[in-house]
Amino acid sequence: MSDKQRITVTVNDQEHDLLVEPRTLALDLLRDELRLTGTHAGCEQGVCGACTILVDGKITRACLMFAVQLDGCSVETVESLGSPDGTMHPIQRAFSENHGLQCGFCTPGMLMVTQELLRREPRPDAETARAAIAGNHCRCTGYQHIVASVCAAGRAMSEAEHQHVDRQDVEHQGARA
Amino acid sequence: MSVTTHSGGSILGHPVKRTEDRELITGAGVYTGNMPVEGALHAFFVRSPIAHGTLGDIDVDEAKGMPGVVAVYTAADLELNDRPGLPGVVPETMNRPLLAKGKVRHVGDIVAIVVAETASEAIDAAETVFPDIEPLPAVTDIEAAMADDAPLLFEGTESNMVAGAGTGEVEGIFDDADVVVKAKFHNQKLAGVPMEPNAVVVEPGENGKLTFWASTQTPHGLRDQMAGDLGVDGEDVRVIAPRVGGGFGPKAFAYSEYSIIARAAQKLGRPVRWNETRSENMLSMVHGRAQVQWVELGVKNDGTFVGLRATAVGDAGAYPAIGAVLPSLTQLLAQGVYDLPAIDFTWKAVATNTTTVGAYRGAGRPEATQLLERIIDMAADEIGMDPLEIRRKNYLQPEQYPLTTLTGANYDTAEHEKAADAAKEAAGYDALLAEQKRRRESGDRIALGIGVGSYVEVTAPLGLDGEYGSAQAHPDGTFTVMAGTSAHGQGHETAFCQLASSVLGVPMEKIKLVQSDTELVRSGAGTLGSRSLQTGGTAIHNASQELVAEAREIAAHLLEAAVEDIDHSDDGFGVRGIGDKVITWAQIAQAAEDGSGYEDGRGHEMRQELDFKAGDSTFPFGTHIAVVEVDLDTGFVKQRRHVAVDDCGIILNPMLVAGQQHGGIAQGISQALYERVTYDEDGNPTSGNLASYTIPTAADLPSFEVSNTETTTPLNPIGAKGIGESGTIGSTPAVHNAVIDAVSHLGIHHIDMPLTPETVWRAIHGANGSDPATRQQAGPEYAGKAITEDTPDSAQA
């Protein structure tokens, strides 16, 4: 096909300098070139949400975007969640604790949607959570445990945030004393 | 994740968190599509764009010269055996050529395979392949396919009929009835839509050996089918199912794509992979349901059932296989949960120019429940009786169990009133009826509907009531258990290790489940028909018990005590009354392997394996109550509540059970309200992607109120029945009945599924007689017989 194009893209905090075919999808770049196979292809037409990633913080269908469009962008995939030492992200923990997944195929997309939601809406109620994940299909769970997981993740992260603030307050007061 | 150490037995019945989750929530799960296989080529299929036609030359010349293309094969190039649909049932004249020969029989039928270095190159080349197809008249409708002048799909046949049987006629079946209600129901064609479409990688090895990584529910079944298609020995085929992204029945089918790819890999001496696209998936993956039902129920004025007469004709699709006998499961469950004195049932299956029909969550049983539960509501309406009351009046009673039904099902155990009462109370049924009455009296345009569905279903059906299992102790203190079932989201790793943990008295994290690999697991029937816990789980349970028995003997030998004096605790094995010396599992396994644990000193691995056979299927049951609101001006249905009481016997892990209930209910609701596979008059699919075939999102569904009654079964030591399909089976009629209930005061007695806003709106307007054209579309066949009798202006319509 036509000549490859050079792009620079940051994926999960790592910068990549890549040569890509103009027609290569962002999804295929992630899965085939970068071997980040947590992002899944479920329908190839932007309906199911299994390929959801965050591009510059925004929810994006990796199957509806060309790799060249990622030039200069910052991408987050499911592999960005959790710590290299194996500690799980509170969202991941909430999904596991609330049985928010069965076959796991839609899960990476659900996790990324939750990540985006909780950044702008830290304590969503069930209705907000339902609306937020309504662009993502799951055929296993009937969504109920996913909704519970999203809400639980929000609670856990908010409480951790409060504890962190409280601790800072204590340290601050301690420093003054 | 870690699980705290539990003493033997206490872990059963607890919502133990899944050990599967970690890799799936970190993106590390290996599905077939990302199974790394060095040097794999990519396949893409050329498919028929014509539903029915004569296949002439296939021009592959251009494709062969395209960049990266390694091979292009048609039927003439690959020696593949035609596949029998279902030996003994489907006539040989309907055998399936794996690549089309002479004819194409549905849109999506495989004409050629292109193999290239990359997926893109394979797709580019496939677009240049031109099959010369002379169109023939296509038939996609069940009744049209049965007509005398119907186009025939297969040469050497006189009709499209595939199979059929029945109970035989019952003389005077309605003689004692005060009322006989009649209806014709369409149980629409559905697509399974697992979120991961089909996928396979086939690697040819030495001495003709083939290794398949496949997204399948049935690795051993797939192995056997591949061996048959390819004409090789089953031992030369190894099938491994890595993580599988949902199945729901359709992945229990061995796809012809897999055989074609295997043959290509053999010829090319290189691994070949195929990741099905969703648009291919909607054409190729077997569909489900697809029945037309003619139903009559005779009742007395007090609600007592007198007899049921029904004919169910199933669409088997283009290449009849398992779908040809699914209507027989409809017959098997035709008595439902009721004390019906007489049943006259006939089932048939017919071939059409549509995607082949196979098992989809419920597979023949939802069709039975739907048939009964709809006609019962129509009867209740006719005699002016409450739907829950007419059911209660006719439920089979616990003391009647076990029993063999009129259609030959051996029901094990049940307490229907208990489940129904629990559902009634949870729903607040009486308050709902009062609310409905208030709304109707006030002329509220948002009508409230309450629907009931009571069901029984068969799990581990069709002789699938046996399974292989094993348990092994290792000298390092860990254990391996195996089962011939093959999980694809259900959580068997958790559930089966939970079971083994309770028997062995060791923490779950010490136990590893091996499944889904035909080389490691001796035999297996896979995961389908809600069979896994009761068969595979039981096999592991029993093998674990035998392992404990062996350990006792070894401990007795080492401790120089009698076997009956050996105590088994979480710490290990010791002599009763002498508390100081305890031998651990690790020591026992070591003694087994080095021989010191045996009288004869001959060491071997410490392993027990067996084939468990239950002897029959189990029959879960329950009652669902759905509450819906119907906007009388738009026809839009919003489900407000869904109450489900499902009895799957004794519950091992309530968290996993709830997950199965939720997922099942979502799919059942979706049949009632959203999903339908459709074709135009030429046989072109018009629901071929996820934008046109609408599965529900979180915004479409309510939060479900699920609970359980627990009625044990004597058929396995766990007392478990299946739960995988109950939600689907119970929910569809409850939701359907609720929608009809919401509009029944307008004279509507039936609307076929799915109950989309348009369908409901047409029925409302038709029933009101406001528009003759709409009226015509709505009924009488479509909107039920009562309309013709109750609606004054229907005669003009």
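Residues numbered from 1 in each chain as written. Chains lettered and ligands numbered in written order. Predicted model: local features only at pLDDT ≥ 70, side-chain atom pairs only at ≥ 80, totals over all residues. Heavy atoms only, no water.

Evaluation of the coordinates by the stated rule reveals 0 disulfides over all chains. There is no disulfide at C151 of chain A, and the cysteine sulfur nearest it, in C138 of chain A, is 16 Å away. Among the residues examined, C151 of chain A registers a relative accessible area of 11% and is labelled buried. The structure places no disulfide on C648 of chain B, whose sulfur is separated from the nearest cysteine sulfur, that of C140 of chain A, by 18 Å. Overall, C648 of chain B belongs to the buried group, its relative accessible area being 2%. (Disulfide = S-S within 2.5 Å. Buried < 20%, exposed > 50% of the residue type's maximum accessible area, 1.4 Å probe, protein only.)

If you look at the interface, chain A gives 42 residues, while chain B gives 54 residues. Surface buried jointly by chain A and chain B totals about 3900 Å² across both partners, of which 55% is contributed by carbon and sulfur atoms. Joining chain A to chain B, the criterion identifies 2 salt bridges. The residue E675 of chain B makes a salt bridge to R139 of chain A at a minimum N-O spacing of 2.7 Å. Between the two partners, chain A and chain B, sit 24 residue pairs in polar contact (both at pLDDT 80 or more). Looking at the side of chain A that touches chain B, the elements with two or more residues in it are α2 (90-97), α3 (107-120) and α5 (144-176) of chain A. (Contact = heavy atoms within 4.5 Å. Buried area = accessible area lost by both parts, 1.4 Å probe. Salt bridge = Lys/Arg side-chain N within 4 Å of Asp/Glu carboxyl O. Polar contact = N/O pair within 3.5 Å; in protein donor to acceptor, adjacent residues only side chain to side chain. Helix = DSSP H or I, 4+ residues; strand = E, 2+ residues; numbered from the N terminus.)

What follows concerns the sheet that holds strand β23 (residues 572-575) of chain B. All names here are of chain B. Across the sheet, 3 strands lie side by side as β22-β23-β24; this open sheet has antiparallel pairing. Two strands bound the open sheet, and with one partner strand each, they are β22 (566-569) and β24 (578-583). Shown here is a sheet whose adjacent strand axes are inclined to one another by a mean of 35°, direction ignored. Sheet analysis places β22 next to β23, joined by 4 bridges and oriented antiparallel. Each residue of the ladder has a partner; that of S569, found in β23, is G572. Contacting β22, β23 and β24, helix α15 (residues 585-594) runs over the sheet at an angle of about 55° to β24. (Pairing = 2+ DSSP bridges. Axes fitted to C-alpha atoms, helices over the stretch in contact; angles between N-to-C directions.)

Our next topic: the sheet that holds strand β25 (residues 606-613) of chain B. All names here are of chain B. An order of β21-β20-β19-β25 is seen for the 4 strands of this open sheet, with the pairing classed as mixed. The open sheet is flanked by β21 (511-514) and β25, the only strands paired with a single partner. When strand polarity is set aside, the average angle formed by the axes of neighbouring strands in this sheet is 15°. In this structure, strand β19 (residues 466-473) lies alongside strand β20 (residues 479-483), joined through 5 bridges in antiparallel fashion. Paired with Q472 across the strands is T480, a residue of β20. The strands touched by helix α13 (residues 492-504) within the sheet are β20 and β21, with β21 carrying the most contacts at an inclination of about 130°. Lying over the sheet, α15 contacts β19, β20 and β25, oriented at roughly 95° with respect to β25.

The next thing to look at is the pattern of salt bridges. Taken as a whole and judged by the stated rule, the model has 45 salt bridges over all chains. Across the pair D124 of chain B and R23 of chain A runs a salt bridge, and its minimum N-O distance is 2.8 Å. Separated into two different chains, D124 of chain B in helix α3 (residues 119-126) and R23 of chain A in the loop between β2 (14-20) and α1 (26-33) make up a pair that spans both. Salt-bridge contacts for R243 of chain B lead to E493 of chain B; the nearest nitrogen and oxygen are separated by 3.6 Å. Here the residue R243 of chain B occupies a position in the loop between β11 (237-240) and α6 (256-268), and E493 of chain B occupies one in helix α13, the gap between them amounting to 250 residues. The structure contains a network of salt bridges with shared partners spanning E435, R438, R439, E629 and R640 of chain B.

Below, the discussion takes up the domain arrangement of chain B. Residue and element names in this part refer to chain B. Here chain B is partitioned into domain 1 (21-28 + 466-613), domain 2 (32-136 + 193-284) and domain 3 (287-461 + 616-796). The gap between the C-alpha centroids of domain 1 and domain 3 is 42 Å. Taken together, the 17 residues of domain 1 in the interface contact 20 residues of domain 3. Contact between domain 1 and domain 3 buries roughly 1300 Å² in total, counting both sides, with carbon and sulfur atoms accounting for 64%. The tally of links from domain 1 across to domain 3 stands at 0 salt bridges. At the level of secondary structure, the elements contributing two or more residues to the side of domain 1 that touches domain 3 comprise α13 and α14 (532-559). It is α14 that contributes the most residues to the side of domain 1 that touches domain 3, 7 residues altogether. (Domains from an automatic or database assignment.)

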